[in-house]
Amino acid sequence: MNSTDLGRALRELRKAGGKEAKAVARSAAMSPSKLSKIENGHLAPSVIDVERILSALGVPAEVKAQLTEAARVVATEATAWRIYRRTGLHKHQEEIRAIEAQTSLLRVFQSSCIPGLLQSPEYVRAVQQNSELTDDALEKMIGARMRRQKVLYDRQRRFRFLITESVLRWALIRPPMMAAQLDKLVTMSRMSNIVIGVVPQSGPKNDLPTTSFVMFDARLVIVEIPHAEITTSEPRDVEQYVRKFDGFEHLALTGDVMRSMVESIRDEFLREQETG
């Protein structure tokens, strides 16, 4: 199956279900024009695109699995960040939000920055400071990131975050803002559906923190590298990231021990502010 066949299959499923293109596009967090290009074979859909469309169509699980696998075969696996910046990073945030809405267990490993779902607005701004966004595009990006965070309050969904200690100490923003960001981690860690683990710098390690990644249940992984975002739903690839996550989680500090560590680092930032 090529991208034209895949687009035709999606169009036929939509029509068979009696759904209007505009309604499906809205539910799939994409523009009607993008959906039209996919359906007509003018745009090869990503795995994420197909997942969102099929979720909007409400197709049976076996049909979803078959077409998602077809998308994995024909889709480009890596998308450069410059493309997301050109089309609008806030739009990509909405795409990720649509996937999160279909996820029961979300697992995040971050060795470079605070996970997006836990970032403060000031931290988001700092992460994007070298991305050459206009002021308007940056504000839209921050707004979209904050809207994504609402999913954390859905107690039907579970979240497991792993962060390396070095991330907590990396002073990306001014000391009082870093202290506030770490306070947010402590607060969010007390929610019943959220587990935040910190992998300490001390002690032996069984793996390298080579990349940051997000796992959506056991069906999809998004990997972040400096120039691009890589998406895979290949079962063998997903399993590799599951093993990597489990290995780091075994080393991580959680609960009160984790909170004590984060609060200690927070206090270091506060003392730095007082003496600075």
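Notes on the structure in this doc start here. (Residues numbered from 1 in each chain as written. Predicted model: local features only at pLDDT ≥ 70, side-chain atom pairs only at ≥ 80, totals over all residues. Heavy atoms only, no water.)

1. Remarks on the sheet that holds strand 3 (residues 158-164)
The pairing of strands in a sheet comes from backbone hydrogen bonds and takes either a parallel or an antiparallel form.
Okay, so step 1: Spatially, the seven strands line up as an open sheet ordered 1-7-6-5-2-3-4, and their pairing is mixed. Looking at strand neighbours, the two that pair on one side only are strand 1 (78-80) and strand 4 (194-199), the edges of this open sheet. For this sheet the average axis-to-axis angle between neighbouring strands, irrespective of direction, equals 15 degrees.
Okay, so step 2: Note: strand 6 (residues 220-225) against strand 7 (residues 228-232), five bridges, orientation antiparallel. (Pairing = 2+ DSSP bridges. Helix = DSSP H or I, 4+ residues; strand = E, 2+ residues; numbered from the N terminus. Axes fitted to C-alpha atoms, helices over the stretch in contact; angles between N-to-C directions.)

2. A short note on the packing of helix 11 (residues 175-189) against helix 13 (residues 255-275)
Okay, so step 1: Relative to each other, helix 11 and helix 13 sit at 165 degrees, their axes nearing to 8 Å. Taken together, the axis directions place helix 11 and helix 13 in an arrangement best described as roughly antiparallel. Crossing of helix 11 over helix 13 shows left-handed handedness. Each of Pro175, Pro176, Met178, Ala179, Leu182, Asp183, Val186 and Ser189 in helix 11 lies in contact with helix 13, whose residues at this interface are Met258, Arg259, Val262, Glu263, Ile265, Arg266, Phe269, Leu270, Glu272 and Gln273.
Okay, so step 2: Class assignment for the residues of the contact of helix 11 with helix 13 results in eleven nonpolar, two polar and five charged. (Parallel < 35°, antiparallel > 145°, perpendicular 65-115°, else oblique. Left-handed = near helix turned anticlockwise from the far one by under 90°. Contact = heavy atoms within 4.5 Å. Nonpolar A, V, L, I, M, F, W, Y, C, P; charged D, E, K, R; others polar.)

3. Topic: the layout of surface pockets
Okay, so step 1: What the largest pocket holds in volume is close to 1,000 Å³.
Okay, so step 2: If you trace the largest pocket, you find 40 residues lining it, with Trp81, Gln110, Cys113, Val127 and Glu224 closest to the centre.
Okay, so step 3: Those elements giving two or more residues to the lining of the largest pocket turn out to be helix 6 (81-87), helix 7 (89-100), strand 2 (105-110), helix 8 (121-127), helix 9 (135-148), strand 5 (212-216) and strand 6.
Okay, so step 4: Looking at which element gives the most residues to the lining of the largest pocket, the answer is helix 7, with five residues.
Okay, so step 5: Tallied by class, residues from the lining of the largest pocket come to 20 nonpolar, 14 polar and six charged. (1 Å grid on protein atoms, 1.4 Å probe; cavity = no way out; pocket = protein on both sides within 12 Å on 5 of 7 lines; lining within 4 Å. Points joined across faces, edges and corners; volume = space filled by probe spheres on them.)

These values are about where atoms sit, not about what they do.
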